[in-house]
Structure formats: structure tokens, C-alpha cells
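Below are the chains, spelled out letter by letter.
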Amino acid sequence: MEEQDGRSHLPPPLLLQDGPAPPGSYVREQTEMSGGAEENKGGGGRKRMPRLKIPAKIWRTHKKQNQHEELDCVEKEGQKEEQQEEQQEEVCRRLILREELLFSQDAPSEEEEEELQRDVETLTLQIKEAIENTFSSSPTQQEVLRRAVASIMQQEAQDRRWAERPEGRVPAWRPLKSLSRHNALLQNLVMSRLMDAAEDEPGGMDILSSTVKRQVCRLGKRVKEDLLMVAKTVKDCYPPHMDILNIYAGLYHQTFSVQLDQLAAPGLEPDDCSYLLYWVNHCYPQEILRHEELDGLIKTACLGSLLLPDQLNLLEEQYLSYKEDKVRLWLNTALKKEEDTWLSGSTPELIDNYYFSPLAVDAIQVMNNFLTEFNVTIKDQSRIQRLTVHLENFLCSYMKCVEELVSRGQPNGHSVLKAQLVCEQQLRDYITDQTGSLTEEQRCRCLRTLSALKDCGYRSLTSPLQLKMCLRQLWTTSWMDGSLPVIDSLLDSLNQQLSGLTDLKPDCRQDLLAVLHQDVVLQYVKKMMKSRMKRREEELAGAQRMIEDARKMDAFFLDEGCIQPSWLCELLCSLAEILQLQDPASVQLELVNLARNFPDLSAAHVLALLNLKPGLSAADVQCIKRSVKENRLLCVSANHSPAFFSKVKVKWMNNKINHMTLSKPKWL
């Protein structure tokens, strides 16, 4: 009867049925077998004892035997673990089978139902343990997790099967909701790991200066390490449709956000605020979510920012206000230190035989430090103008200080100006290269200020030349016949003046020479346009002298080291050609070419040049003027010639032309 009753019920629980043999049975069996063998060998062994002549050999043999026994134990343990893992995966399938068989009966046994429920709970605990150990360093954890996830999928499928059955008895544990439990476990796991990471352990992040920085760094580091581990190993334990990497990314994002929200309390220290913004706006989205092993796998658009917009704006405003004050303070301090050095009468430092000032280097370093930090701290890059506006203000203050230095006429003034011209060049190069930080309007304003500073320095260094006085004898009879060497005298004065500029940096000296060359030609052309020739001989003599003077000036500045193209010489030769020509059509063609090469040649300039040729009729003047106006439009947009005629003021010519009596043809 007992056997029949036993067969009428379902098999005993799977965990017990497929388990190992009773403890000790296998061991006792092996012990009895080995013991009998030893007894059988015992008597004969004592008789053969005298034959053992090499004890060392026996010891080596015994040692090898022990090693083999240890390897056998390791292999057995490994086989036992594999058997348990296979059991874990098989347990779920057989439990479902038992559940189906049990609840397919009309009157299931309550005892078997309770036993089955206990086995289901045991399986649930095993799955829970596997999930909680997801980030364990155990070499077998990945396979354990994979089997646990497979069990979850099986239980989810069983929940769906029971849900599709409208009638009949349902197990008390259904629906088991294994996937929901799994997701809750993941959330608790992530929270636990970040809470553990946030603890301020001594010696962990000693390089960081505050508790807030250390906490933020540990949290971020834990997020990065765990997400990388999910992408490398954990992801392979889950079916692709679960997209487990993005599930983990969402949980870590949410938990990290909560932790940072607690740290971003009112009254946060400026350095802590900066470091927190660095993680929120740069390090987390750029170095973690877009890590080379995560880029393209995480749906970053669905995550958003770690902080809410209002809170992020408050932190950024706090950061910007603090940094604005710092930028202003440091730039003003650098300028004040430089100005104090000027006022003390000190001579600037000589480096490589030219005067040098550290002001530009200091200012550039200040701006670079703040702008570099800003780029990885503030999300809205357009707000960078709140810092760069202080560079504009600094340059304006710098310009005023240089002007005051020139006006005071200090003994060390020239040496200081030479050093400041080096600073101007360094600042100009820096501002020109700032393509992302400065707006185009800001860049133009800064460059205009620097140009004014450079002009102030050049005027002061070359002021003793008095170009107007040196050129006042141009277009006189003595100059035209060659008896008065106006340009030769001017170049001799320039040679003496430039000998005192050997301690100016070579690049700055070349720029000064180019500016000085242009200033000389400007004064030369201004003097020419105010002249009046009455005879043809004067035109020819003046044109010939212009060509000679242009070549002399060009050769002089080339010898002094000016390496810029000699377009000024070509300009003077072109003007001389206009004086030499008598045919109105040829004059017209030459003026059209001049207007194309120099778009800033205005109608007043054209009239001033034509006024030098008394042989032209009023009709010729009007025709030439109209032709220049019509043909200059063809090439203005493509012309890149430097401005020249715009610096030659000829407003007087308009008044003079208006008072001239010109006979105009009726068709004009």
C-alpha cells in the first residue's frame, strides 16, 4: 500500500529528487574499499619491507600521488559547481512542469502545493542573489547571471500563460512578476552602489580639496565603471530586446541626478560649484555617455541633463558672477603692476637684445585659463561674452595708459613703448586666433583698439622726423630741376632715426618700417594733390622726379629690412604715368586701372588728379570721371588691396571744383 500511495502522488520536490547522494555515503563507500585494500596489502607489505632501498624515490612517488589527489579534488569541485548551475537553469523548467501537472488535477494536494510554493520561493531567492551579485568579480558570475535571466524569462512566459486562462484555479504565487522584481532589484542595486561610492573614505581622493568634489568624483567614477562593465559583460547575459544597457543607464542617471541635487545646495562654495558643473555639463555627457565603448549604444537624448533647468541656471549664474569678478580683478592687477613699473622709471627687460614686457603673456594666460574652464563648465557657450567683455575693457584701459605714458614724456618712455609694441603684437595674434570665444564685433573692436595703441607707439617713436616739414619743398622749381634733393635729405634723417630702434623686436621693427614707408608716401601724395601745374614741362619734370623718388624710397626701406611688397612704389609710378600722359583716352584707362587696384579712390581724388593736368577740357574731365565710376564696380568685391586713398583727405577739392567754370556740352 505504501508503494501504491507513493506512485499515486507527484515526485518529491525537484531540489531534493535530483540532489546529490546522502552526505557521507560516497565517502564511506570509498573508505571501506580503500580500507579493505590496505588490509589485503598489509600482511604481504611487511614481508617486502626489506626490499625498499631508496627512500627518496619513495618520497617523490608519494608526493606525486598527493598532487594527483589534489587535482582530482579540484576537478570534482568544478564538476559539482557546474552541476549546481545546470540545476539552477533546469530547476525553473521542472518547477513549471510540476506546476502544470499539479494544477491540472481536479483536486491538487495542499501539501504538494505548499511544497511547490516553497521551491518557487527558493528559486526566487537564488535569482535575487544572482542579480545582486551582478557586479561581482567572481569568474562564474556571468554564467550564473545568464541562467538567472533565463529563469526570469521562463517565469514571465508562465505568468502570461496563466493570464490567458479565463477559468480554473490559479496558483497563489501567480503572477510571479519576476521581471518587475528584477527591475526593482536593479534599482536597489544601483542606489546601493552609488550610496557606497559616495561615502567619504579617508585616502580615497586626496588630490581633491573638498568633500563635495570627492563625492562627485567617486559617484561619477562608479557610474562610468559600472556602465562599462554592463556594456562589456552584463549585456551578454540578457536577451537583446531587454536593452539592459539603457535600463542601467537610466537608473544610474536618475540616481546620480538625485545625489547631485542634494549636493547642489544653496551656498555652495565657488570651487565646488565649478567642479559640479564640470561633471554635469562636460564630464558625464562627454566622457562617460560618449565613451568609445558606450558611444552610440546609450540613448543620451532620453536621459537629459543631470540637473533641472532652473537649478542648473542658478548654479551657472553663481559660477559666472564669481568668474567675472575674478577675470576683471586679475586683468586689472596685471595692468596696474605694469603701469607701476613704468612710473618707477624702470627700463623693461631685454630678451634677445630687444625690450620685452610680460603684460601680454599674463593677460593671455588669464583669459586662456578662464575660457578653457568655461568651455567645459557652462552648457550655453554664448554666455562666454560675459567673460570676454572684460578683455575688451582691459584693452581700452591699456590704450589709455600708453597714451598717458606718451604725454608724460618720461625718460624711459621709448624703451617702455618698444616693449609695449611687442605686447600689442602678441595680443593681436591671440585675438585673431580666437575664432570661437569672441564674436566678430568683439574681435573688430579689440583689433581697432590695438591698432590705435600701435599707432600711438609708432608716432611717438618717429615723431622727431616731422614728415610734413621735410616734404614741404616738393613740387617746387628747385625740386623739379633736381637741384634740391628733398627725398635724399628725408632718407638721411630716417636713417639716423631708425638707428635708435635696433632694440625693437625685429617683427615689430618691420611693421614700423612698413607703416613709416606708407606715411612718407601718404605725405608725398597729399603734397602732390595740392599742387597746381601750369605748363606741360612741369608735368613731365614732376613725373620723372616722382619715379626717381619712388625707387629711392623703396630701396631704402628694403635695405632697412622691410619685407612687405613694394606696392607703394608701383602706386607712385602709376600716378607719375597719369602726369606724363596727354591723350584723354590714355589718362582715362590709367585712372580706371588705378580705381580697380585701389577701391578707396573717390571721385574727389579723381578730380584732384585731373586738376594736375591743365590740358584736359571740361568735357574730358567729365567723361573720365564717369568712366571711372562705371568701371570701378566690376572688380571692387574681388579686390584685396590695402587702404590708401581713404587716408588722403581732399575735401578741399570739392569746393575748388565747384568754383571752377567748366563748359559742359549739352549732351552731358
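What comes next is a walk through the structure. As the structure is a computational prediction, the values presented were derived from the model and not from experiment.

### Quick look at the packing of aromatic side chains
Phase 1: Counted under the stated rule, the structure contains 14 aromatic pairs.
Phase 2: Taking the centre distance of 5.2 Å and the plane angle of 85 degrees together, the rings of Phe-644 and Phe-645 count as edge-to-face.
Phase 3: Judged by its relative accessible area of 0%, Phe-645 is buried.
Phase 4: Cluster of aromatic residues (ring-pair linked, three or more members): Trp-567, Phe-598, Phe-644 and Phe-645.

### Some remarks on the packing of helix H9 (residues 244-263) against helix H10 (residues 270-288)
When two helices pack together, you describe them by how their axes are tilted relative to each other and by the distance separating the axes.
Phase 1: Relative to each other, H9 and H10 sit at 155 degrees, their axes nearing to 11 Å. Put simply, H9 runs roughly antiparallel to H10. You can see that H9 and H10 cross each other, and the crossing is left-handed. Residues His-253, Phe-256, Leu-260 and Leu-263 of H9 pack against Leu-276, Trp-279, Val-280 and Tyr-284 of H10.

### Some words on the nonpolar core
Phase 1: Ranked by size, the top nonpolar core spans 107 residues in total, and within it Leu-227, Tyr-238, Tyr-248, Phe-256 and Tyr-398 carry the most contacts.
Phase 2: Discounting chain neighbours no more than four positions away, the residues touching Tyr-398 are Leu-335, Trp-342, Leu-359, Gln-420, Cys-423, Leu-427 and Leu-453.
Phase 3: In this structure, Tyr-354, Leu-491, Leu-512 and Met-553 belong to the second largest nonpolar core, which totals 74 residues.

### Considering helix H12 (residues 309-343)
Phase 1: With 35 residues, H12 should reach 51 Å at 1.5 Å per residue; the first-to-last C-alpha distance of 50 Å fits that figure.
Phase 2: Residue Gly-345 follows H12 closely and has a positive phi angle near 85 degrees.

### With respect to unusual backbone geometry
Phase 1: In this structure, the amide linkage connecting Arg-174 to the following residue, Pro-175, adopts the cis form with an omega of 0 degrees.
Phase 2: Note on placement: Pro-175 falls in the loop between helix H6 (141-163) and helix H7 (178-198).
Phase 3: One non-glycine residue, Lys-177, lies in the positive phi region at around 55 degrees.
Phase 4: The class for Lys-177 is partly exposed, based on a relative accessible area of 49%.

### Concerning the pattern of salt bridges
Phase 1: Inspection of the entire model under this criterion finds 26 salt bridges.
Phase 2: The salt bridge partner of Arg-445 is Glu-392, with a shortest N-O separation of 2.7 Å. You can see Arg-445 sitting in helix H16 (residues 440-462) and its partner Glu-392 sitting in helix H14 (residues 385-408), a full 53 residues away along the chain.
Phase 3: Given the relative accessible area of 12%, Glu-392 is considered buried.
Phase 4: Where Arg-509 meets Glu-560, a salt bridge forms, and the shortest distance between an N and an O atom there is 3.2 Å. You can see Arg-509 sitting in helix H20 (residues 506-529) and its partner Glu-560 sitting in helix H21 (residues 536-560), a full 51 residues away along the chain.
Phase 5: With a relative accessible area of 15%, Arg-509 lands in the buried category.
Phase 6: When its relative accessible area of 19% is taken as the criterion, Glu-560 is described as buried.
Phase 7: What you see here is one network of salt bridges that share partners, running through Glu-316, Glu-317, Glu-324, Arg-383 and Arg-386.

### Re the side chain of Gln-259
Phase 1: Its place among the elements puts Gln-259 in helix H9.
Phase 2: Excluding residues that lie within four positions of it along the chain, Gln-259 makes contacts with Met-195 and Leu-219.

The rules we used
Residues numbered from 1 in each chain as written. Predicted model: local features only at pLDDT ≥ 70, side-chain atom pairs only at ≥ 80, totals over all residues. Heavy atoms only, no water. Phe/Tyr/Trp six-rings, centres within 6.5 Å; stacked < 30°, edge-to-face > 60°. Buried < 20%, exposed > 50% of the residue type's maximum accessible area, 1.4 Å probe, protein only. Axes fitted to C-alpha atoms, helices over the stretch in contact; angles between N-to-C directions. Helix = DSSP H or I, 4+ residues; strand = E, 2+ residues; numbered from the N terminus. Parallel < 35°, antiparallel > 145°, perpendicular 65-115°, else oblique. Left-handed = near helix turned anticlockwise from the far one by under 90°. Contact = heavy atoms within 4.5 Å. Core = buried A, V, L, I, M, F, W, Y, C linked by side-chain atoms within 4.5 Å. Expected span 1.5 Å × (residues − 1). Salt bridge = Lys/Arg side-chain N within 4 Å of Asp/Glu carboxyl O.

No statement about biological role is implied by the geometric values presented.
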